[in-house]
Each structure stands twice: as C-alpha cells, then as structure tokens.
Amino acid sequence: MKKKIIIGIIIFGFMCFPAALLRAGNDVEDLKEQIKQLQSTIEALKVKVEDLEKKQTSASSQVAKIPEISESVKQLKENKPKGFSIEGARVGGHLKLFLFDQAQGKRNGLKQSSNTSAGISHFYLFIDKDLTDNTSISVQPDITVTASATPALGSDISRAKSASTTTSIYQAFIKTRLNNGLEIKAGVFNPYFSEEYASEVWWDEQYHMNKGVADIESWHDSGIEFYKNFDFKNFSVPAYFYLLNGNVTNTDGKFVDNNDGKSILLHIAPEVSKFRFFGSFGYGKWDDGNDYDSWRYASGLEYKYKKFTLRSEYLFNKFEDTALTGGGRVDTEKKGYYIKGLYRFNPKWRAYINYSDVNLPYTGGSSLLKDTYKAATLGLNYFFTNSSIIMGEVSRVNGDRSDGSEKLDYYRSTIGWRTTF
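Asks: Help me understand the overall build of the chain, please; the structure alone is not making it clear to me.
Replies: In terms of helices and strands, the chain carries three helices and 18 strands. In the chain, of all internal contacts separated by at least 6 residues, the share reaching a separation of at least 24 is 56%. Accessible surface computed for the chain: about 24,900 Å², of which carbon and sulfur atoms make up 59%.

Here you go:
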C-alpha cells in the first residue's frame, strides 16, 4: 500500500513540474521587463538632477555677486551728487513777479507816465526744520528787486532804467512750544502790530499794497515773542507779548539795537462768532541816547460770512523829538486806516476793493509837513492753483503835501503773479 502511495506522488510530481517550470519562466520575463522600466526611470531622474545642479551652480554665482552690488550702493550713498541738500528740512519759497505794470497821471498838474514793464519784485526762500517734536527753526532770505516804480510825493511818475538787487534776511527764528501751551519765538521776525501785515494775508490778496499803508503797518524787529491762546466758553483770545529792539526808524533796526532799552508790544485778537477784533499797544525809546519815547497802537476787525470777508485797521505811530533836516526837533506821527472787502465767487475767482487814507510826516525842511495819500484799488484774483495766484489790479492814488508844494494824481495798473511752493 505504501509503495502505491509513493508511486502516485512521484507520478503527480512529474505531471505538475513542467507547468511549474512554465510559470517560473513567465515570472522571470515579467521581472526583466520591470527592471528595464526602472532603469529608464533612473535615467530620467539622473537628467533632472543634473539640470538642478546646473541651476544651483548659476544661483550660487549670482549670490556671490551680492556683496559687489551692496558695495556699489554704499559707495553711491557716500559719494552724493553735489548740490543743495538739507537733511530733514522743508525747503520752499515765495516768488513775486509781474507781467505788466504802468503808472500814469499828473505830478503838480503835468502829465507823466512810467514805461510798461515786466519783472520780478521778490523771491523769498523758506527753510524750516523740526529740531524736536516741540521746537523748530526757520530761516527766510529775501532777494528784493527795486526799480523805483511806485510814484511818491516829491518825485516824478517814472521807472528807473535799471534795477538794483539786494539780499537780506527777512526772518530767522527758533520757535518752541511748552507743555502749558505757551509758544516762545526768538530771533528776527514780524511782530503782530498790524494783523494784516504780520500774518501776511495781504500777500495772497493784493500785489501792490495801497500807497502809504506799508509805512504804518510794517514792523520788522529782533527779540522774543510769547504767544498763548486763551479759550473761553463762547470765544477765544490769542495773545502776543514782545520784548524787541524797537529801532523802528532804522531799516537795520531789526538786527541791532540802537540803545539800552527794549520796546514792548502787546497784541490781542479775540474771536467771537464770525468776528475777530484786533488790538495792539507798543512803547519804547527810539533814539540812540534812549531819551525819546515812541508810541504805537492799532485797532481793527475782520468779519467773515460765507464767501465775503471784510477787514479794517486803524494804526497810529508817534515819535517824540524827531530831528528836522533844516534844524530843530518836533514830535511826528504816522497814522491812517484801510478798509478792504473781498468776495470769493468760486474756487478760481475772487474780487476785492481796498480804500485807504494815510498821513505821513515830512521832515525834509525847517518845519514839519504832512504827506497824505488816499488810494482806492480794485482787484481780481485768478487762482491758477491754490498757491499760485494771478492778480490783476488798478489803483487810483491822490497825494498831497500839507504846504501845497507837491500833488500827485495817478492810476497804476498791474498784472502780477504770486506763487508759493
């Protein structure tokens, strides 16, 4: 029985072995095919790796150049182009030029006129820099061009054939603000005697100030300004107090003092609703010996309603014991007023009318005389931009000397252009 079983197993094995061999042969062929496909994949991956290595090599060369580029930028910063540069400062200016200007009329009954001309009147340079959050410095040089074109009593209606140019420091000061709201300014500036002149609002309104008005409005000086705004429930009071050189009879008085005394000036401008009221009082000694008094006061108001503005000031200056050219001394006075109305039609156009009456002392003889100027100006402003204004104006001026020796009656027509940048 065992033999039969063993013989059966052997016979079954011989019968199955060829089939197993056949299946084994097929598996080997499949394995060879898989190996071939794997080799193709390896070759493709090898090509990609070589491309990646090339890109990495190129990137490395570019990175190596970065220090060279950084060094070039550093050299460029260190070797700045030559020119005008003030780090952290605000630099601007104010250019005043005219495209047409002519005066014609009569002097002592004789017809006269100046030639028509174009030119530049002023160029102001503004340089401002913040030193700290509360402290700043401002310097404003002024280049002035003068051609004696404004008619005045005692001279013909004409224009010089050549102009003279002068350079001066218009303003230069340091300003700081304390924690209690008090502002202190020290240096050269325009103290608030006339609200219109010190705030410089007239610059943007009228090209030529009415004849004689600048003589009673202007005050340029050196010293210290203290400013504080006092707020109340229904109104506010800006207040200014000054200690100044006060040498107002000398054009260089704003840079040096002519005596040991200081002039004082107080200015307030209370604002109630649409009204602002102005008031100023000044006192000092004007002469070299610190002997003779000078008194100055001003009052005025400004009213604004929608597109309409009305402004007026009365100004008075008195100097005791002023010397006469012909000998002797006498008290002199400068006084007068202006009243100006402006109407803004739209953002581009504004019209105004300005009337003034001014009395100035004439000390050129052996007795005191007075020169009177009455001027009316009609003007039209075109706002080329918000800070660039073309100004057309016509002024009628009557001038008289108190002894009847000089009379003026003329018109002056001007097209000017003021630009702040």
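Still more to cover.
Asks: I'm lost on the side chain of Asn258 in this one. Help?
Replies: Within the fold, Asn258 resides in the loop between strand 8 (236-244) and strand 9 (263-268). Polar side-chain contacts of Asn258 include one of 3.5 Å to the backbone oxygen of Asp287. Here Asp288 takes part through its side chain, which lies 3.4 Å from a polar atom of the side chain of Asn258.

Asks: Help me out: how do you make sense of the environment of Asn317 in this one?
Replies: Tracing the sequence through the fold places Asn317 in strand 13 (residues 308-323). Among the residues examined, Asn317 registers a relative accessible area of 0% and is labelled buried. Separated by 15 residues in the primary sequence, Asn317 and Thr332 have C-alpha atoms spaced 8.2 Å apart. Filtering out sequence-adjacent residues up to four positions away, Asn317 remains in contact with Phe193, Ile216, Trp295, Arg296, Thr332, Glu333 and Lys334. There is a polar contact of 2.3 Å between the side chain of Asn317 and the side chain of Arg296.

Asks: Any chance you could explain unusual backbone geometry here in plain terms?
Replies: In terms of backbone geometry, most residues other than glycine have negative phi values and most peptide bonds are trans. The phi torsion at Ser148 lies on the positive side, around 50°, for a residue other than glycine. Position of Ser148 among the secondary structure elements: in the loop between strand 4 (135-146) and strand 5 (164-177). Ser148 sits in the exposed class, given a relative accessible area of 55%. Despite not being glycine, Asn290 shows a phi value in the positive range, around 60°.

Asks: Which parts of the structure should I look at to understand a nonpolar patch on the surface?
Replies: A contiguous nonpolar surface patch, about 580 Å² in accessible area, is contributed by Phe230, Phe232, Phe235, Val272, Phe275, Phe277 and Leu301. Here Leu301 is to be found in strand 12 (residues 293-305). Classification of Leu301 as partly exposed rests on a relative accessible area of 30%.

Asks: Would you take a moment to explain the pairing of strand 5 for this structure?
Replies: Look at any regular strand and the pattern is simple: side chains alternate between the two faces of the sheet. In this sheet, strand 5 lies alongside strand 4 in antiparallel orientation, the contact comprising 12 bridges. Note that in strand 5 the partner of Pro141 across the bridge is Ile169. Pairing of strand 5 with strand 6 (residues 183-189) involves six bridges; the strand directions are antiparallel. Pairing of Phe173 across the sheet is with Gly187, part of strand 6. Adjacent in sequence and paired antiparallel, strand 5 and strand 6 are bridged by five residues, among which Gly181 carries a positive phi angle near 90°.

Asks: Explanation requested: the side chain of Ser136 in the structure shown.
Replies: Here Ser136 shows up in strand 4. Residue class for Ser136 comes out buried when judged on its relative accessible area of 17%. Other than its neighbours up to four places away in sequence, Ser136 contacts Lys129, Asp130, Leu131, Phe173, Ile174 and Lys175.

Asks: Explain the environment of Ile157 here, please?
Replies: Mapped onto the fold, Ile157 is located in the loop between strand 4 and strand 5. Since its relative accessible area comes to 2%, Ile157 is described here as buried. Not counting residues up to four positions away in its chain, the partners in contact with Ile157 are Ala103, Gln104, Gly105, Lys106, Arg107, Gln112, Ser113, Ser114, Pro151, Leu408 and Tyr410.

Asks: Even after reading the chapter, I still don't get the pattern of salt bridges, so can you show me in this structure?
Replies: Between side chains of opposite charge, a pair can form as their charged atoms come close. Across all of its chains, the model carries 20 salt bridges by this definition. Two residues, Arg311 and Glu196, come together in a salt bridge whose shortest N-O distance is 3.1 Å. In this pair, Arg311 sits in strand 13 while Glu196 sits in helix 2 (residues 195-199), placing the two residues 115 residues apart along the sequence. Of the two residues examined, Arg311 and Glu196, each falls in the buried class. Three or more residues joined by partner-sharing salt bridges are found here, namely Glu195, Glu196, Glu205, Arg276, Glu302, Arg311 and Lys340.

Asks: Help me understand the pairing of strand 2 (residues 110-113) in this model?
Replies: Relative to strand 2, strand 1 (residues 89-107) is paired through four bridges, and the arrangement is antiparallel. Residue pairing for strand 2: Arg107 is matched across the bridge by Leu110. Linkage of strand 1 to strand 2, two consecutive antiparallel strands, is achieved through a turn of two residues, within which Asn108 is found at a positive phi near 50°.

Asks: Is there a simple way to think about the confidence of the model for the chain in this case?
Replies: In regions of low pLDDT, the predicted coordinates are not meant to be interpreted in detail. On average, residues of the chain carry a pLDDT of 84, and 78% of them reach 70 or more. Predicted confidence is poor over residues 1-26, with pLDDT under 50, and the contacts of this stretch with residues over four places away or in other chains come to zero contacts. Under a pLDDT of 50 for its full length, residues 59-85 has, in the predicted model, two contacts with residues more than four places off or in other chains.

Asks: I'm lost on the nonpolar core in this one. Help?
Replies: One recurring pattern in soluble globular proteins is that nonpolar side chains are buried together. In terms of nonpolar packing, the biggest core is built from 33 residues, with Phe193, Tyr242, Leu244, Leu265, Tyr373 and Tyr410 touching the most fellow members. Elements that contribute at least two residues to this core include exactly strand 3 (117-130), strand 5, helix 2, helix 3 (213-217), strand 8, strand 15 (349-362), strand 16 (369-385) and strand 18 (407-420). The leading source of residues in this core is strand 8, at three residues. If we skip the residues at most four places from it in the chain, Leu265 touches Pro191, Tyr192, Phe193, Trp219, Tyr240, Phe241, Tyr242, Leu244, Ser280, Phe281 and Gly282. Counting residues in each nonpolar core, the second largest holds five residues, with Phe98, Phe383, Ile389 and Met391 among its members.

Asks: Is there a simple way to think about the environment of Leu378 in this case?
Replies: For Leu378, the location among the structural elements is in strand 16. Sequence spacing of Leu378 and Tyr355 is 23 residues, and the spatial spacing of their C-alpha atoms is 9.1 Å. Ignoring anything within four residues of it in the chain, the contact list for Leu378 reads Tyr352, Ile353, Gly392, Glu393 and Val394.

The rules behind these values
- Residues numbered from 1 in each chain as written.
- Predicted model: local features only at pLDDT ≥ 70, side-chain atom pairs only at ≥ 80, totals over all residues.
- Heavy atoms only, no water.
- Helix = DSSP H or I, 4+ residues; strand = E, 2+ residues; numbered from the N terminus.
- Contact = heavy atoms within 4.5 Å.
- Areas by Shrake-Rupley, 256 points an atom, 1.4 Å probe, with all protein chains shown as cover.
- Polar contact = N/O pair within 3.5 Å; in protein donor to acceptor, adjacent residues only side chain to side chain.
- Buried < 20%, exposed > 50% of the residue type's maximum accessible area, 1.4 Å probe, protein only.
- Patch = residues over 30% accessible without salt bridge, like charges linked within 9 Å, V, L, I, M, F, W, Y side chains within 5 Å.
- Salt bridge = Lys/Arg side-chain N within 4 Å of Asp/Glu carboxyl O.
- Pairing = 2+ DSSP bridges.
- pLDDT = per-residue confidence, 0-100.
- Core = buried A, V, L, I, M, F, W, Y, C linked by side-chain atoms within 4.5 Å.

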